[in-house]
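Listed below are the residues making up each chain.
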Amino acid sequence: MYDRLKALAEALNAQDIVTLFAQDAGRAEAFSLRHDGMLLDYSKTRITDAVRAGLIDLAETRQVAARRDAMFAGQAINETEGRAVLHSALRNLEAKPVLVEGRDVMPEVLETLARMERFAEDLRAGRIKGQGGAITDVVNIGIGGSHLGPDMATRALAPYHDGPRCHFVSNVDGADIHDTLRGLDPGRTLVIVASKTFTTIETMTNARTARDWMAGAVDAPAEQFVAVSSALDRTAEFGIAPERVFGFADWVGGRYSLWGPIGLPLLIAVGPADFRAFLSGGADMDAHFCKAPMSENMPVMLALTGLWHHQVCGYPTRAVLPYDQRLARLPAYLQQLEMESNGKRVTMAGDDLQGPCGPIVWGEPGTNGQHAFYQLIHQGTQVVPCEFMVAATGHEPELAHHHRLLVANCLAQSEALMVGRSLEQAREMMAAAGLTGDALERQARHRVFPGNRPSTTLIYDRLTPRRLGQVIALYEHRVFVEGVILGINSFDQWGVELGKVLAGELEPILTGEASAEEKDGSTRALVEFVRGCAGG
């Protein structure tokens, strides 16, 4: 389905991005979008009018709009699991009816939000206490979508924190929970256990460890636990009172669940007003996604740019580069969002996928990445499309000079990727440095930048709760559009299951309770080595 676009890409091979700007003085405006204080610039790519038209035609042919409308209407578009996909309902503060199998789910959504807000306010005000006094620290225990979202968002909105300190534990490695609990006061710590089924082995192992830790200092440790779960029987067995259990429906996938009870740590940290501002940002992007024409639609154009680079141009990876230290966890969050959603090998019909699925997503905040992997991005032999992200202003006016330097670096990197440095320019540099002959030529070649490397830039006024909500929803819908065009189900994740099953088989083998005889030779040898080191 990419034949027309690939022909356009081949025709553009001899034309660089700088030339596109030279041919069109209005290119920057023509290939960028503005919405509510945000600017998405995709002009530093080789997308032309013809390419954009072809990409939009592809989206229309794949019925992106119809699939989008089906999602928001509550249809079971997650066909392999027979579920609706309605994380957008969690941020529907206007309470417009959202029907699932003919029933409006909004009253339940808003009642849960109100319960969360009452609990958070009572905790923040000291009306809910620990057995040693007012709660000073909250430890969220989860994994995957129950961890990455709240961890990322809580860090991102640090300037708005006025509640208890929030900590996050996810890894079953005992070092994670040990290092997090060390130094905390068990009598003044609240633990949130986030697991929809309350059976996730990593989460429940950490939860039991936290309960044992707390039991060494307080009489009733379960009274300082909260559950984000829909398994009331299991949370009751753990000892958590039902009024401290916040559930969510199966039409909310884990990696899309930050907007509801999974976001409880964020709500506790910033308070109801800023949490609602965060939700309103997501809802605003929902409305934009549903109403804006495709050529003016941020999620659609971000998705089409990504498809152009990955499926058409063949660039295998995508670097997400937020120039904001508080967004340090955003690349990891988007790794899960993209790679768990669109890392599939079969279509909705169960046929083999023709061509690549979603790209490999990775990244690091600027300016740290500039002193790490940007060398490869600028001068390596493979092309890495980059997605820069930066706020025009920071939260620390006394450090405005820091932020100017940050923004300058962000803009400079996208410019350098595009314009590069020619061999002739490098020769002139070396001649000015006093080199001649072979030494000049050799040194000049090391200083050549190929340029013509694509990037997008997302700029917003400041990283506020509303802006963060918009950014996250932008990327959620971007992933959705890509999945629809690929013809896959972006909302299941069977790829995480097999390793879990095999881990369950291997644990008793490691303890000597079961035999490794049926395992492959490599696995048996690894087990023997581990048991030998452990004295088993």
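Residues numbered from 1 in each chain as written. Predicted model: local features only at pLDDT ≥ 70, side-chain atom pairs only at ≥ 80, totals over all residues. Heavy atoms only, no water.

S.K.: Any details on the packing of aromatic side chains? Residues and values, ideally.
M.R.: Overall, the coordinates contain twelve aromatic pairs when judged by the stated rule. Considering the side-chain rings of Phe31 and Tyr42, the 5.8 Å spacing of their centres and the 80 degrees angle between planes classify their relative orientation as edge-to-face. Of the two residues, Phe31 is situated in the loop between helix 3 (27-30) and strand 1 (32-35) and Tyr42 in the loop between strand 2 (38-41) and helix 4 (49-61); the sequence distance between them amounts to eleven residues. Like Tyr42, Phe31 is buried. With a centroid separation of 6.1 Å and 85 degrees between ring planes, the pair formed by Phe289 and Phe480 is classed as edge-to-face. Residue Phe289 is found in helix 12 (residues 272-291), and its partner Phe480 is found in helix 19 (residues 465-486); the two are separated by 191 residues along the sequence. Here Phe480 falls in the buried class, since its relative accessible area comes to 4%. Through a chain of ring-to-ring contacts, three or more aromatic side chains come together here, namely Tyr256, Phe289, Phe480 and Phe491. (Phe/Tyr/Trp six-rings, centres within 6.5 Å; stacked < 30°, edge-to-face > 60°. Helix = DSSP H or I, 4+ residues; strand = E, 2+ residues; numbered from the N terminus. Buried < 20%, exposed > 50% of the residue type's maximum accessible area, 1.4 Å probe, protein only.)

S.K.: Give a description of the pattern of salt bridges that names residues and reports values.
M.R.: As enumerated under the stated definition, the model contains 34 salt bridges in all. For the salt bridge of Glu387 with Arg478, the shortest nitrogen-to-oxygen distance reads 2.6 Å. Taken together, the residues span a long stretch of sequence, with Glu387 in strand 14 (residues 386-391) and Arg478 in helix 19 at a distance of 91 residues. Summarising the burial analysis for this pair, Glu387 and Arg478 share the class buried. (Salt bridge = Lys/Arg side-chain N within 4 Å of Asp/Glu carboxyl O.)

S.K.: Could you give an account of a nonpolar patch on the surface, with specific residues and numbers?
M.R.: On the surface, Leu498, Val501 and Leu502 cluster together into a nonpolar patch covering about 270 Å² of accessible area. Mapped onto the secondary structure, Leu498 falls in helix 20 (residues 497-511). Relative accessible area serves as the criterion here: at 58%, Leu498 is assigned to the exposed category. (Patch = residues over 30% accessible without salt bridge, like charges linked within 9 Å, V, L, I, M, F, W, Y side chains within 5 Å. Areas by Shrake-Rupley, 256 points an atom, 1.4 Å probe, with all protein chains shown as cover.)

S.K.: So, the side chain of Ser170: which residues are in play, and what are the values?
M.R.: Here Ser170 lies in the loop between strand 8 (165-169) and helix 8 (174-181). Taking the relative accessible area as the measure of exposure, Ser170 reaches 14% and is therefore buried. Here His147 takes part through its side chain, which lies 3.5 Å from a polar atom of the side chain of Ser170. Not counting chain neighbours up to four residues away, the residues in contact with Ser170 comprise Gly142, Ile143, His147, Asp176, Glu202 and Asn206. (Polar contact = N/O pair within 3.5 Å; in protein donor to acceptor, adjacent residues only side chain to side chain. Contact = heavy atoms within 4.5 Å.)

S.K.: Quick one: what's the story with helix 21 (residues 521-533), residue by residue and with numbers?
M.R.: End to end, helix 21 covers 19 Å across 13 residues, agreeing with the expected 18 Å (1.5 Å per residue, within 8%). The distance from a side-chain oxygen at the start of helix 21 to the backbone nitrogen of Ser522 is 3.0 Å, and the residue carrying that oxygen is Asp520. Residue Gly535 follows helix 21 closely and has a positive phi angle near 80 degrees. (Expected span 1.5 Å × (residues − 1).)

S.K.: Can you tell me about the pairing of strand 14, naming the residues and giving the values?
M.R.: Taking burial as the measure, the six residues of strand 14 include six buried ones, the bulk of the element. Burial along strand 14 is two-sided: Cys386, Phe388 and Val390 and Glu387, Met389 and Ala391, pointing in opposite directions, are all buried.

S.K.: Could you give an account of unusual backbone geometry, naming the residues involved and the relevant values?
M.R.: Across residues other than glycine, the phi torsion is negative in most instances, and most of the peptide bonds are trans. Omega for the peptide link from Gly366 to Thr367 comes to 15 degrees, which places this bond in the cis form. For Thr367, the position within the fold is in the loop between strand 13 (360-363) and helix 15 (374-379). Although it is not a glycine, Glu101 adopts a positive phi angle of roughly 55 degrees. Looking at the secondary structure, you find Glu101 in the loop between strand 3 (99-100) and strand 4 (103-104). With a relative accessible area of 82%, Glu101 lands in the exposed category. Despite not being glycine, Asn452 shows a phi value in the positive range, around 60 degrees. Within the fold, Asn452 resides in the loop between helix 18 (437-446) and strand 15 (455-460). What makes Asn452 partly exposed here is its relative accessible area of 25%.

S.K.: Mind laying out the packing of helix 14 (residues 330-342) against helix 19, listing which residues take part and the relevant values?
M.R.: For the pair helix 14 and helix 19, the least separation of the axes is 10 Å and the interaxial angle reads 20 degrees. Here helix 19 runs roughly parallel to helix 14, going by the angle between their axes. Crossing handedness for the pair helix 14 and helix 19: right-handed. In contact with Tyr333, Leu334, Leu337, Glu338, Ser341 and Asn342 of helix 14, helix 19 contributes Ile472, Tyr475, Glu476, Arg478, Val479, Glu482 and Gly483. Partitioned by chemical class, the residues of the contact of helix 14 with helix 19 number six nonpolar, three polar and four charged. (Axes fitted to C-alpha atoms, helices over the stretch in contact; angles between N-to-C directions. Parallel < 35°, antiparallel > 145°, perpendicular 65-115°, else oblique. Left-handed = near helix turned anticlockwise from the far one by under 90°. Nonpolar A, V, L, I, M, F, W, Y, C, P; charged D, E, K, R; others polar.)

S.K.: Go over the pairing of strand 8, please, and point to the residues and values.
M.R.: Here five bridges tie strand 7 (residues 137-141) to strand 8, and the two strands are oriented parallel to one another. Following the sheet pairing, Asn140 is matched in strand 8 by Phe168. Taking the sense of rotation as the criterion, the β-α-β connection linking strand 7, helix 7 (residues 148-156) and strand 8 turns out right-handed. (Pairing = 2+ DSSP bridges. Right-handed = clockwise from strand over helix to strand, strands pointing away.)

S.K.: Requested: an account of the sheet that holds strand 10 (residues 225-228), with residues and values cited.
M.R.: Read across the open sheet, the five strands follow the order 8-7-9-10-11; overall the sheet is parallel. The open sheet has two edge strands with one neighbour each: strand 8 and strand 11 (245-246). Contacts from helix 9 (residues 201-215) reach strand 7, strand 8, strand 9 (189-194) and strand 10, with the element oriented near 160 degrees to strand 9.

S.K.: Which residues make up helix 14, and what are the values?
M.R.: Helix length check: helix 14 (13 residues) gives 18 Å between terminal C-alpha atoms against 18 Å at 1.5 Å per residue, within 8%. Burial of helix 14 is extensive: ten of the 13 residues sit out of reach of the surface. Among the residues making up helix 14, those that are buried are Leu330, Pro331, Ala332, Tyr333, Leu334, Gln336, Leu337, Glu338, Ser341 and Asn342. Where the residues of helix 14 are buried, they touch helix 7, strand 12 (317-323), strand 13, strand 14 and helix 19.

S.K.: For the sheet that holds strand 15, give the residues involved together with the corresponding values.
M.R.: With mixed pairing, the six strands of this open sheet are ordered in space as 1-2-15-14-12-13. The two strands at the open ends of the sheet, each matched to only one other strand, are strand 1 and strand 13. Neighbour-to-neighbour, the strand axes of this sheet turn through a mean angle of 15 degrees, independent of strand direction. Note: strand 12 against strand 13, four bridges, orientation parallel. Across the sheet, residue Ala319 finds its bridge partner in strand 13, namely Trp362. Against the sheet, helix 16 (residues 400-419) makes contact with strand 12, strand 14 and strand 15, and its axis sits at roughly 160 degrees relative to strand 14, the strand it touches most.

Geometric values such as these leave the question of function open.
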